[in-house]
Amino acid sequence: MASFKDLNLSKQLLNALTDIGFDTPTPIQEKALPIILSGKDAVGIAQTGTGKTFAYLLPIIRQLSYSEQRHPRVLIVVPTRELVMQVVEEIKKLTIYMSVRTIGIYGGGNINTQKQQVYDGVDILVATPGRVIDLTHSRTLQFKSIQRLVIDEVDEMLNLGFRAQLTQLLDLLPEKRQNLMFSATLNEDVEVMIEKHFKSPEYIELISRGTPLEKIIQQAYQVPNFYTKVNLLEYLLQTDNSLSKVLLFVKNKKIADEIFEELKAEFESVIGVIHSNKSQPQRFSAVKKFDEGEHRLLIATDIVARGLDLKDVTHVINFDMPAKESSTYIHRIGRTGRADKTGIAISFITKKDAPIQKEIETLMKKKIHLLDFPSEVEISENLTKDEKPVTRDKSLKKLPKIITPTGAFHEKKEKNKKVNLGGKRRQENKRRIAEKRNRIKSSGK
Ligand code: AMP
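This section reports on the structure supplied with the text. It should be emphasised that the depicted structure is a prediction, and the values quoted were computed from it without experimental measurement.

Observations regarding the packing of aromatic side chains
Piece 1. Enumeration according to the criterion identifies seven aromatic pairs in this entry.
Piece 2. Taken together, a centroid distance of 5.0 Å and an interplanar angle of 80 degrees make the contact between Phe226 and Tyr227 edge-to-face. For the residue pair Phe226 and Tyr227, the accessibility class agrees, reading buried in each case.
Piece 3. Ring centres of Phe226 and Phe319 lie 5.8 Å apart, and the angle between their planes is 70 degrees; this geometry places the pair in the edge-to-face category. In this pair, Phe226 is assigned in helix α10 (residues 226-239) and Phe319 in the loop between β12 (315-318) and α14 (326-333), connecting sequence segments 93 residues apart. Phe319 carries the same exposure label as Phe226, and that label is buried.
Piece 4. Aromatic rings pair up to connect Tyr221, Phe226, Tyr227, Phe319, Phe348 and Phe373 into one cluster.
Piece 5. For Lys245, the ring lying beneath its charged end belongs to Phe290, and the centroid distance is 5.6 Å.

Structure, rendered in structure tokens:
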């Protein structure tokens, strides 16, 4: 097996890698290094978890000479602020024995502080697309010295609607530069962008498109509705201690908050939630607690979870299956089973999910293994507002709309009612589980 020592890296980088504790390059690193060092444009098809960040950072840092000029020479564009922070951290670790100025800029951070930092001089700029364009408007940031551009997680950036900003950015950069792009999947949108802006790129492809990592065990339960999903999740957390670092995906922030509300009586101290309505400090804190093992469960939407480097995730749970993109499923489950560890992905599948499940299975050329629904878990009859069938009573069609005043106090009362219902359910659920435990105990005697 190759070692980093065989890869034409500098002494400073090798020492930094030794400090970090990495001695063997991952396959994407081994493949990408010589190509990127050659100066060619390159497109890496690699999921998070493959070591793709170091795959582009190592050769870039290897060839970055010392300079006192103020304008950045490397621009790394990523979709989220979390990823900005993470990439900056990785660069700092790698350049500990070098004099490299690295700055991360992202929307939501103080723009004046960021301007000042850029003004003071920077070698590697890591940024989200919108904010970097804002900074160029003020002329504080100039791109005339950019030699290398990395667009990381480009598929996600396009999903998030950054296409216009990306195109604008690409047009602002000097003609003569090296373009590097990383994406978990290649789709038509990404290919159009490569065609337009890249010069005969080399493709660094590790796995065929959409193939999930082999070491992920994929399981599923058929679950009829939200409250049954909550019951099942609660049951799994109560009965299976191997669920020690669980990343739970939900379709939107409302559901994320509702699950937290449902589970907080028993699990508040071990659950974190991240979504776009959470403030940046809240998000960082939740990720940190999860990363450090204080929290056992992190509830997340796709947008904020993408790109986060969460180590040793034991389980990924799809509380909601992805609504449209089958590749999202691959992104999600790729968050567990990292490096040489195995991981488990559990999906809660409703009847409505049948088409996307089929699409995912076709994409993977593999079936998701269906597990028997645990008999101890209550199947709830309660339906959320979104789950209730829409009844159309024609006779009511023409009646004028009755507007009921809905003050904050009134809303709260309604909300409380719902939580109470959940409490009863929970108690019932607990009773069943306790009964089961007793049965097991007494049969063991
Ligand atoms: P990435 O795919 O860039 O998100 O990296 C996934 C994880 O693998 C991160 O936690 C990295 O720190 C880690 N990693 C990257 N390169 C190596 C390596 N050569 N050996 C072991 N772990 C690595």
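Regarding the pairing of strand β10 (residues 271-274)
Piece 1. Here β10 shows two buried faces, one formed by Ile271 and Val273 and the other by Gly272 and Ile274.
Piece 2. With four bridges connecting them, β10 and strand β11 (residues 297-301) associate as parallel partners. Residue pairing across strands places Ile271 opposite Leu297, the latter belonging to β11.

Observations concerning the site of the ligand
Piece 1. The immediate surroundings of the ligand are formed by 15 residues, with Thr24, Gln29, Gly49, Gly51 and Thr53 found nearest.
Piece 2. Take Gln29: an N or O atom from its side chain is 2.7 Å from a nitrogen atom of the ligand.
Piece 3. A distance of 2.7 Å separates an oxygen atom of the ligand from a polar atom in the backbone of Gly51.
Piece 4. Across the complex, the protein chains shield 86% of the 500 Å² of accessible surface that the ligand would expose by itself.
Piece 5. Here the shell around the ligand is built from residues that sort into three nonpolar, eight polar and four charged.

Focus: the nonpolar core
Piece 1. Ranked by internal contacts, the top residues of the largest apolar core, which has 39 residues, are Leu9, Tyr56, Leu57, Leu58, Ile76, Val87 and Ile124.
Piece 2. The element contributing the most residues to this core is helix α3 (residues 52-62), with seven residues.
Piece 3. Among all residues touching Leu57, those that are not within four sequence positions of it are Ile76, Val87, Glu90, Ile91 and Leu94.
Piece 4. In terms of nonpolar packing, the next biggest core, distinct from the first, is built from 32 residues, Ile105, Val122, Phe143 and Leu169 among them.

Examining the sheet that holds β10
Piece 1. A sheet is described by the order of its strands in space; here seven strands give the open sequence β10-β11-β9-β12-β13-β8-β14, paired in parallel fashion. The sheet is open, and its two borders are formed by β10 and β14 (369-370), each paired with just one other strand.
Piece 2. Packed onto the sheet, α14 meets β8 (216-222), β9 (246-250), β12 and β13 (343-349) and runs at close to 150 degrees relative to β12.

Some remarks on helix α11 (residues 253-267)
Piece 1. Largest kink in α11: about 35 degrees, centred on Glu261.
Piece 2. Taken as a whole, α11 has its buried residues at Ile255, Ala256, Glu258, Ile259, Phe260, Glu262, Leu263 and Phe267.
Piece 3. Between a side-chain oxygen at the N-terminus of α11 and the backbone nitrogen of Lys254 the separation is 3.2 Å; the capping residue is Asn252.

Some details on the sheet that holds strand β3 (residues 102-105)
Piece 1. The strand order across the open sheet built from seven strands is β3-β4-β2-β5-β6-β1-β7, with neighbouring strands paired in parallel fashion. Two strands in the sheet have a free side with no partner beyond their single neighbour: β3 and β7 (202-205). Looking at each pair of strands side by side, their axes are set apart by 15 degrees on average, direction ignored.
Piece 2. Pairing of strand β5 (residues 148-152) with strand β6 (residues 178-183) involves five bridges; the strand directions are parallel. Opposite Asp152, over in β6, you have Phe182 as the bridge partner.
Piece 3. Packed onto the sheet, α3 meets β2 (74-77), β4 (124-127), β5 and β6 and runs at close to 175 degrees relative to β5.
Piece 4. Along the sheet face, helix α9 (residues 188-197) touches β1 (42-45), β6 and β7 and points at about 175 degrees away from the line of β6.

Brief notes about the packing of helix α8 (residues 163-172) against α9
Piece 1. Packing of α8 against α9 leaves a shortest axis separation of 12 Å and a crossing angle of 10 degrees. Relative to α9, the element α8 lies roughly parallel. Pair α8 / α9 crosses with right-handed handedness. Across the interface between the two elements, Arg163, Leu166, Thr167, Leu170 and Asp171 from α8 touch Asp189, Met193, Lys196 and His197 from α9.
Piece 2. In terms of residue class, the contact of α8 with α9 is built from three nonpolar, two polar and four charged.

Description of the pattern of salt bridges
Piece 1. Per the stated rule, a full pass over the model turns up 14 salt bridges.
Piece 2. A salt bridge links Lys40 to Glu202, with the shortest nitrogen-to-oxygen separation between them at 2.9 Å. Of the two residues, Lys40 is situated in the loop between α2 (27-37) and β1 and Glu202 in strand β7; the sequence distance between them amounts to 162 residues.
Piece 3. We note a salt bridge from Glu361 to Lys367, for which the minimum N-O separation is 3.6 Å.
Piece 4. Salt bridges here are not isolated pairs; linked through shared partners, they connect Lys52, Asp152 and Glu153.

Calculation rules
- Residues numbered from 1 in each chain as written.
- Predicted model: local features only at pLDDT ≥ 70, side-chain atom pairs only at ≥ 80, totals over all residues.
- Heavy atoms only, no water.
- Phe/Tyr/Trp six-rings, centres within 6.5 Å; stacked < 30°, edge-to-face > 60°.
- Buried < 20%, exposed > 50% of the residue type's maximum accessible area, 1.4 Å probe, protein only.
- Helix = DSSP H or I, 4+ residues; strand = E, 2+ residues; numbered from the N terminus.
- Lys NZ or Arg CZ within 6 Å of the ring centre and 35° of its normal.
- Pairing = 2+ DSSP bridges.
- Near = heavy atom within 4 Å.
- Polar contact = N/O pair within 3.5 Å; in protein donor to acceptor, adjacent residues only side chain to side chain.
- Areas by Shrake-Rupley, 256 points an atom, 1.4 Å probe, with all protein chains shown as cover.
- Nonpolar A, V, L, I, M, F, W, Y, C, P; charged D, E, K, R; others polar.
- Core = buried A, V, L, I, M, F, W, Y, C linked by side-chain atoms within 4.5 Å.
- Contact = heavy atoms within 4.5 Å.
- Axes fitted to C-alpha atoms, helices over the stretch in contact; angles between N-to-C directions.
- Bend = angle between axes of the 7 residues up to and from the residue.
- Parallel < 35°, antiparallel > 145°, perpendicular 65-115°, else oblique.
- Left-handed = near helix turned anticlockwise from the far one by under 90°.
- Salt bridge = Lys/Arg side-chain N within 4 Å of Asp/Glu carboxyl O.

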